Amino acid sequence: MKFFDIPDESERIPTKVHMQLLDLARTLTRNPELQLEFGLHALYDESRNRLTVSTFWERIDEPQRLAGMKSDVYLRAIGNAWFSSAVETRRYLSASRPLPSLANQLFALCEDMRLERICRKVRPGTARAFTTRHHVYRAFAAQQQALRTRQGHLADVLVLYLYQQFVATFRYVPPEANLPPQLDWAQAHVDALVTDVTSAQATADIAAACQRFLAAVSPMLVEDVKATYFLTHQHNAAQDAMDDTETFTELVRTNQLDNDISETPAPPDEANRIDESMEIWHRETEDEAGNLLQMNLERGTPSHQRAEAWREGDDPAAALSDVVQGASQSAAQHDVAEDAAPSIRRSGSSRSDKNRRVPKTSVQHRFLPRVQPSKTDFTAYGDMVDQVASWTLRLKHIIEAELQPKQTGRREGLLAGRLSTKLVRAVIDPTPRMFRKKQSPIHEWDAAFVLLVDCSGSMFDRMEDTRLGVTLFHETLKALRVVHSVVGFWEDTVGIQSDASLTLFQPVIEFEECLKPSVGPAICQLESHLDNRDGYAIRVMAKKLARRPERRKFLIVFSDGEPAALNYENNGVYDTHQAVLEARRQGIQVVNLFLTGGRGTANTEKAIRDIYGPGAVTVTDVEQLADAFAPVLRRLLSSVV
């Protein structure tokens, strides 16, 4: 039997990396009590002795991942902890404004740009990490700007364009983004803000520049920023901050050592001689010498049992039960899966185990209204159909061989055919019809599919391959006349609270319209956003799929297997695994399709296998999808009794 542990922060982030970041943060802040954690956004909280590194970097491959995390630490431990004023930050954030999210993100972005300039000045070694940071963020911002432009969210477009302009100005590279025609009027205000931030020397200067920018653009915008790209709060600063005209003397030791002892050179004949005592001692040892690699046990109960003799132990079945269930009394509520999916090994105290399994966040969901595809979507979809045409036939044969067509009842009361078993008609009917015929199966397959697409930020560099895979399945299922639905999901981060979150579902293709020839281009509307709560999304769609009348039900999840959302970091993999087991107990076959595009990692593939067990399919590109999906589909169908 295969086991895997409940994922915690030490599994998602290697211990060595976590300690490296913690030591770096404590050294730069000169605060030995500082604690480091991971969250949605990189923040510094002086009142709680907390520095938060963004979980955004967990989805990025090495070595960019570590460099990105270090850049978060540099900005918060050098910038906010020393050069960002808590008084000015509190004064700016406490003011009432018509677009509060835009005001917050604008201030956070501009202050980060000023702090980065300071970090590069006082610590030139941070330049490489910041270069990597902007390389990744710039690609993400460009992708998000294109998406928000199509959706008409002009405030989001303005924030993303501002970031790209800052990077282009400070790094002396040509700008790659342009404002859409609807925002041409804002270009002059953007240029003025970039100039003000470039010359700003303190947090007060940044606040004043943001005030002027908001006064100019707020009347022209009809809605606030929809997503949270940058974030700050009133504690994300220092109570006694310096400005960038001051030196970095405070962070460098200038005082003399407490002990003024100079080293005496060894005599020439003893230069290579080293006298070192390597003894093991602990508080239970009376004699501090002569115990090299030994331990004196001074406490315990004497036993008459010989050291090499067998000793009576627990029942093997009970011991195995302890290993599997741990000390938690609530473990019985989570059954071990009847299918081939991996079980869970829980260890530790019941209190910590319970806290890790039960999130404290109230989760709700909302289905967004459908949007008609544009002409660009039709053109892009036509290109994708041409690209998957040769693979569609292969996948069609695979699904056709595994599924069963719907059967209709036989026809009774005919004048010709096989003799019916209902012979009583010969007695009670004056003109009996004693024959029957079998009804031929109609060409409609007794199955329903839901294609659930992860639209989180970690998928932003894989969405093109994912849309291609969804197109392959849609065209195949449509050719077989199998009913199916395509839904994207992500977690909304607008107005996010510490105890509540909202998962959004974007219906692209509904069951009722899936066989129509004109619904496919809506697949091009699937884009990456920010966070994903996979376990919750699987439960919602499994409940919807369970109401379908078809005999076979399939939930195909297109995801990279990395759930990340508010209060979801420590139990995301475990909760998603439980959701998969719950769906399979309802007779729904859950399969995960991960299109790596050559960018997958061993840890990511292991997480997917741990969550989905035999239903995990990992391929490099769409061309391999049909052959990789065939054995998984066959194995899952054969496991259904």
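The rules behind each value
- Residues numbered from 1 in each chain as written.
- Predicted model: local features only at pLDDT ≥ 70, side-chain atom pairs only at ≥ 80, totals over all residues.
- Heavy atoms only, no water.
- Helix = DSSP H or I, 4+ residues; strand = E, 2+ residues; numbered from the N terminus.
- Contact = heavy atoms within 4.5 Å.
- Areas by Shrake-Rupley, 256 points an atom, 1.4 Å probe, with all protein chains shown as cover.
- Phe/Tyr/Trp six-rings, centres within 6.5 Å; stacked < 30°, edge-to-face > 60°.
- Buried < 20%, exposed > 50% of the residue type's maximum accessible area, 1.4 Å probe, protein only.
- Pairing = 2+ DSSP bridges.
- Axes fitted to C-alpha atoms, helices over the stretch in contact; angles between N-to-C directions.
- Parallel < 35°, antiparallel > 145°, perpendicular 65-115°, else oblique.
- Left-handed = near helix turned anticlockwise from the far one by under 90°.
- Nonpolar A, V, L, I, M, F, W, Y, C, P; charged D, E, K, R; others polar.
- Patch = residues over 30% accessible without salt bridge, like charges linked within 9 Å, V, L, I, M, F, W, Y side chains within 5 Å.
- Salt bridge = Lys/Arg side-chain N within 4 Å of Asp/Glu carboxyl O.
- Disulfide = S-S within 2.5 Å.

**Quick look at the overall build of the protein chain**
Then step 1. Of the regular secondary structure elements, the protein chain holds 18 helices and 15 strands.
Then step 2. When contacts within the protein chain are restricted to residue pairs at least 6 apart in sequence, long-range pairs at least 24 apart make up 75% of them.
Then step 3. Surface exposure of the protein chain reaches about 32,700 Å², of which carbon and sulfur atoms provide 51%.

**Describing the packing of aromatic side chains**
Then step 1. Under the counting rule described, the total for this entry stands at 13 aromatic pairs.
Then step 2. Between Phe56 and Phe140, the ring centres sit 5.4 Å apart and the planes meet at 65°, which makes this aromatic pair edge-to-face. Remark: Phe140 occurs in helix H6 (residues 127–151) and Phe56 occurs in the loop between strand E4 (50–54) and helix H3 (64–83); sequence separation between them is 84 residues. Each member of the pair Phe56 and Phe140 is classed as buried.
Then step 3. Ring geometry for Trp57 versus Tyr137: centroids 5.2 Å apart, planes at 35°, classification tilted. Of the two residues, Trp57 sits in the loop between E4 and H3 while Tyr137 sits in helix H6, which places them 80 residues apart along the sequence.

**A closer look at the sheet that holds E4**
Then step 1. Pairing is mixed in the open sheet, where 3 strands are placed in the order E2-E4-E3. Edge positions in the open sheet fall to strand E2 (35–39) and strand E3 (43–45), since each of these has one partner strand only. Sheet twist, expressed as the mean angle between neighbouring strand axes with direction ignored, is 20°.
Then step 2. When E3 meets E4, the two strands line up antiparallel, connected through 3 bridges. Among the inter-strand pairings, Asp45 is bridged to a residue of E4, identified as Arg50.
Then step 3. Across the sheet, helix H2 (residues 15–29) lies against E2 and E4, angled at about 120° from E2, the strand it touches most.

**Things to note about the packing of H3 against H6**
Then step 1. Relative orientation of the contacting elements H3 and H6 amounts to 110°, with a least axis distance of 8 Å. By the angle between their axes, H3 is roughly perpendicular relative to H6. Along this stretch, H3 crosses H6, giving a crossing that reads as left-handed. Of the residues in H6, those touching H3 at Gln64, Ala67, Gly68, Ser71, Asp72, Tyr74 and Leu75 are Ala129, Phe130, Thr132, Arg133, His135 and Val136.
Then step 2. For the contact of H3 with H6, the class distribution of residues is 6 nonpolar, 5 polar and 2 charged.

**Some remarks on the pairing of strand E14 (residues 588–595)**
Then step 1. Extensive coverage of E14 is indicated by the burial of 8 of its 8 residues.
Then step 2. On E14, burial covers both faces: Ile588, Val590, Asn592 and Phe594 on one face and Gln589, Val591, Leu593 and Leu595 on the other are all buried.
Then step 3. Sheet topology note: the strand E13 (residues 552–558)/E14 ladder contains 6 bridges and is parallel. Note that in E14 the partner of Phe558 across the bridge is Leu593.
Then step 4. Where E14 and strand E15 (residues 616–619) come together, 4 bridges link them in parallel fashion. Looking at E15, one finds that Leu595 is bridged to Val619.

**Description of the pairing of E4**
Then step 1. Burial analysis of E4 places 4 of its 5 residues in the buried class, which makes it a mostly covered element.
Then step 2. Hairpin connection from E3 to E4: 4 residues lie between these consecutive antiparallel strands, with Asn49 at a positive phi of about 55°.

**Some points on the sheet that holds E15**
Then step 1. The strand order across the open sheet formed by 7 strands is E6-E12-E11-E10-E13-E14-E15, and the pairing between neighbours is mixed. Of all the strands in the sheet, just strand E6 (362–367) and E15 have a single pairing partner and so form its edges. Between one strand axis and the next, the sheet turns through 25° on average, direction left out of account.
Then step 2. In the packing of helix H14 (residues 463–480) onto the sheet, contacts are made with strand E10 (447–454), strand E11 (483–492), strand E12 (500–509), E13 and E14, and the angle to E10 comes to roughly 170°.

**Here we look at the packing of helix H5 (residues 100–122) against helix H7 (residues 154–170)**
Then step 1. Packing of H5 against H7 leaves a shortest axis separation of 11 Å and a crossing angle of 10°. By the angle class used here, H5 and H7 are roughly parallel. Where H5 approaches H7, its residues Leu102, Gln105, Leu106, Leu109, Cys110 and Met113 are matched on the opposing element by Val159, Leu162, Tyr163, Phe166 and Phe170.
Then step 2. Partitioned by chemical class, the residues of the contact of H5 with H7 number 10 nonpolar, 1 polar and no charged.

**Structural notes on a nonpolar patch on the surface**
Then step 1. Where nonpolar side chains cluster on the molecular surface, the patch consists of Val424, Val427 and Ile428 and spans about 340 Å² of accessible area.
Then step 2. Along the chain, Val424 turns up in the loop between strand E8 (418–419) and helix H13 (425–428).

**With respect to the pattern of salt bridges**
Then step 1. Summed over the entire model, instances satisfying the criterion amount to 22 salt bridges.
Then step 2. Note that Asp45 is salt-bridged to Arg48, the shortest N-O span being 3.7 Å.
Then step 3. When its relative accessible area of 10% is taken as the criterion, Asp45 is described as buried.
Then step 4. Given the relative accessible area of 46%, Arg48 is considered partly exposed.
Then step 5. Measuring nitrogen to oxygen at the nearest pair gives 2.9 Å for the salt bridge that ties Asp112 to Arg76. Remark: Arg76 occurs in helix H3 and Asp112 occurs in helix H5; sequence separation between them is 36 residues. Neither residue differs from the other here; Asp112 and Arg76 are each classed as buried.
Then step 6. Connected via shared salt-bridge partners are Arg150, Arg467 and Glu527.

**Description of the environment of Gln164**
Then step 1. Residue placement: Gln164 occurs in helix H7.
Then step 2. Apart from the residues lying within four places of it in its own chain, the contact partners of Gln164 are Arg138, Ala141, Ala142, Gln145 and Ala177.

**Notes on the state of the cysteines**
Then step 1. Taken as a whole, this structure holds 0 disulfides when the rule is applied.
Then step 2. Among the cysteines around Cys110, which has no disulfide bond, Cys210 carries the closest sulfur, lying 3.9 Å off.

**Some thoughts on unusual backbone geometry**
Then step 1. Although it is not a glycine, Asn49 adopts a positive phi angle of roughly 55°.
Then step 2. Tracing the chain through its elements places Asn49 in the loop between E3 and E4.
Then step 3. Here Asn49 falls in the partly exposed class, since its relative accessible area comes to 28%.
Then step 4. With phi around 60°, Arg481 is a residue other than glycine that occupies positive phi space.
Then step 5. Locating Arg481 in the fold gives a position in the loop between H14 and E11.

Take it as geometry only, folks, not as evidence of what the structure does.
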